[in-house]
Structure formats: C-alpha cells, structure tokens
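What follows is each chain in one-letter form.
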Amino acid sequence: MIEDELGQFDKSINEFWNKFINTVSDTSCQMVGLRDAYKDSMKAFAEKLSVKLKEEDRMIEMFLEYQNQICRQNKLIQEKKDNLLKLVAEVKCKKQEIEVLAANIQALKEEYAKKKETISTANKAIEERLKRLQKSEDLYKSRLGLEIRKIYGDKLQFIFTNIDPKHPESPFVFSLHLNEARDYEVLDSSPHLECLAEFQENLRKTNNFSAFLANVRKAFMAMVYN
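Just so it is clear, the structure is predicted and the values come from calculations on it, not from any experiment.

Definitions and cut-offs
Residues numbered from 1 in each chain as written. Predicted model: local features only at pLDDT ≥ 70, side-chain atom pairs only at ≥ 80, totals over all residues. Heavy atoms only, no water. Core = buried A, V, L, I, M, F, W, Y, C linked by side-chain atoms within 4.5 Å. Buried < 20%, exposed > 50% of the residue type's maximum accessible area, 1.4 Å probe, protein only. Helix = DSSP H or I, 4+ residues; strand = E, 2+ residues; numbered from the N terminus. Contact = heavy atoms within 4.5 Å. pLDDT = per-residue confidence, 0-100. Pairing = 2+ DSSP bridges. Axes fitted to C-alpha atoms, helices over the stretch in contact; angles between N-to-C directions. Salt bridge = Lys/Arg side-chain N within 4 Å of Asp/Glu carboxyl O.

## Considering the nonpolar core
So, point 1. Phe158, Phe160, Phe174, Phe212 and Val216 are the most contacted members of the largest nonpolar core, which has 23 residues in total.
So, point 2. Of all the secondary-structure elements, those providing two or more residues to this core are strand S1 (146-151), strand S2 (155-160), strand S3 (172-178), strand S4 (184-190), helix H2 (196-206) and helix H3 (209-225).
So, point 3. The leading source of residues in this core is H3, at six residues.
So, point 4. In this structure, Phe174 is in contact with Leu156, Gln157, Phe158, Phe160, Val186, Asp188, Ser189, Phe212, Leu213, Val216 and Phe220, ignoring residues within four places of it in sequence.

Here is the structure:
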C-alpha cells in the first residue's frame, strides 16, 4: 500500500517536473525569439534612423547652401541697386548741367540778337549820317573849299582849302568817326587845334554838324591870320 502511494507520488513528481521543464523550455524559446526579434527591430530602426539623419543632414546642407545663394543674390542685387542709384544721380546731374548749358546758350542767343539789333540800328544810323555828309560834300566843297574822304576804319577825313590866302591849295585836315557809344569823336587835326575838344562836345550836345564844320574852318582861319 505504501509502495503504491510512493509510486504514485513519484509519478506525480515526474509529471510535474516534465511539465515544468517543458514550460521553461517553451518560455526560453519564446524569450530567445523575442530577443532576436527585438534585435532585428532595433537594427532596422537604427538603419532607418541613420538614413533619416543623413537625409536631414543633406537637407540642412541644402538649406545652408540655398541660404548662402540667397545672401549672394541679395548682395548682387544691392550692388546693382547702388550702381543704378549712382547712375540715376549722374544722369540727373548731367540733365541739370544740360539745362544750365541750354539756359546759358539761350541767354547768349538773346544777348547776341540784342547786340545784332543794336549794331544793325547803329549801322543804319551811321549810313544815314554818311549819306547826309556825302550829300553835303558838294556844297561844302564849292563854298568852303572842303573835301570829305572815307579812310580806313570807317573814318572820315575832312580837308579844307582856300583858308590861307597866300597858299589857297594848302590843306587843313581833321578826321573823325563814331565811337562805340555812337557819338562823334574827333581823332586828330593838322595843324593841331586846341579847341577841337570843345567843338566835339558842342557837336555831341547839338548834333549840328554844319555848325561844327563852320567852327573848325574858322579856327583854322584864325590860326592863319594870327
């Protein structure tokens, strides 16, 4: 009876041990499988992470390169902008210079036109005076023994004769012209007359040329008789 119970107990212990061994063996196999799966998973994750990090590094490098390109482009744009502003300033300056030059040219044209008109008016006045003098030449020559000649520099030379009774052909000469102020100006006389300046002043005031000639002739005659 006791032997049967002991045999039964041994049998139970053996069954329990076998089950325990089997359970531990299965669990160990599962743990190894989980460990291998975990290693494979971590390896795959590490590889993916490495790829991802490399891609991110490339992205960062591309971003930095793009940023550098933008900086270079901005620098070039700023340089071109500065050059353009400088060119615009130079163009404005040149435009102002051209405007000033054009204004000066216009002023010179107007001044030239005024001077041309003044000269034209003066020339007409001179021509009129010369015409009057030429018309009077025959009268003066016949009555006063006067000859009028036009000499260089638009000057008129007046030659009196019949002044010295002893030498009626002896010439008494003076010359005059119109100066820049368009006034009569006596240049010289032969023989010299001290009173010519006074006669000239009276001529400018009165514009009576006939009286002037008569006074000059009288002065030459007074010189002869004195």
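Now that the structure has been shown, the text picks up again.
## Digging into the confidence of the model for the protein chain
So, point 1. In the predicted model, the protein chain carries a mean pLDDT of 81, and 82% of its residues have values of at least 70.
So, point 2. For the protein chain, the element scoring lowest by mean pLDDT is helix H1 (residues 2-144), at 77; H2 scores highest, at 93.

## A few points about the sheet that holds S3
Picture the strands of a sheet paired through backbone hydrogen bonds; they go either parallel or antiparallel.
So, point 1. Strand order in this open sheet of four strands is S1-S2-S3-S4, and the pairing throughout is antiparallel. Two strands bound the open sheet, and with one partner strand each, they are S1 and S4. Recorded for the sheet is a direction-independent mean angle of 20 degrees between the axes of neighbouring strands.
So, point 2. Inspection of the sheet shows S1 paired to S2 by six bridges, in the antiparallel sense. Note on S2: the bridge partner recorded for Leu146 is Phe160.
So, point 3. Running over the sheet, H3 touches S1, S2, S3 and S4 and is turned about 150 degrees from S3.

## Describing the pattern of salt bridges
So, point 1. The final tally for this structure, using the stated rule, is four salt bridges.
So, point 2. A salt bridge links Glu111 to Lys115, with the shortest nitrogen-to-oxygen separation between them at 3.3 Å. Separated by four residues within a single helix, Glu111 and Lys115 lie in helix H1, roughly one turn from each other.
So, point 3. For Glu111, a relative accessible area of 37% corresponds to the partly exposed category.
So, point 4. Across the pair Glu147 and Arg149 runs a salt bridge whose closest N-O atoms are separated by 3.1 Å.

## Description of the pairing of S2
So, point 1. The element S2 is extensively covered by neighbouring structure, given that five of its six residues are classed as buried.
So, point 2. A loop of three residues connects S1 with S2, the two strands running antiparallel in sequence, and Gly153 in this loop sits at a positive phi of about 75 degrees.
So, point 3. With five bridges connecting them, S2 and S3 associate as antiparallel partners. Its bridge partner being in S3, Phe158 is matched across the sheet by Phe174.

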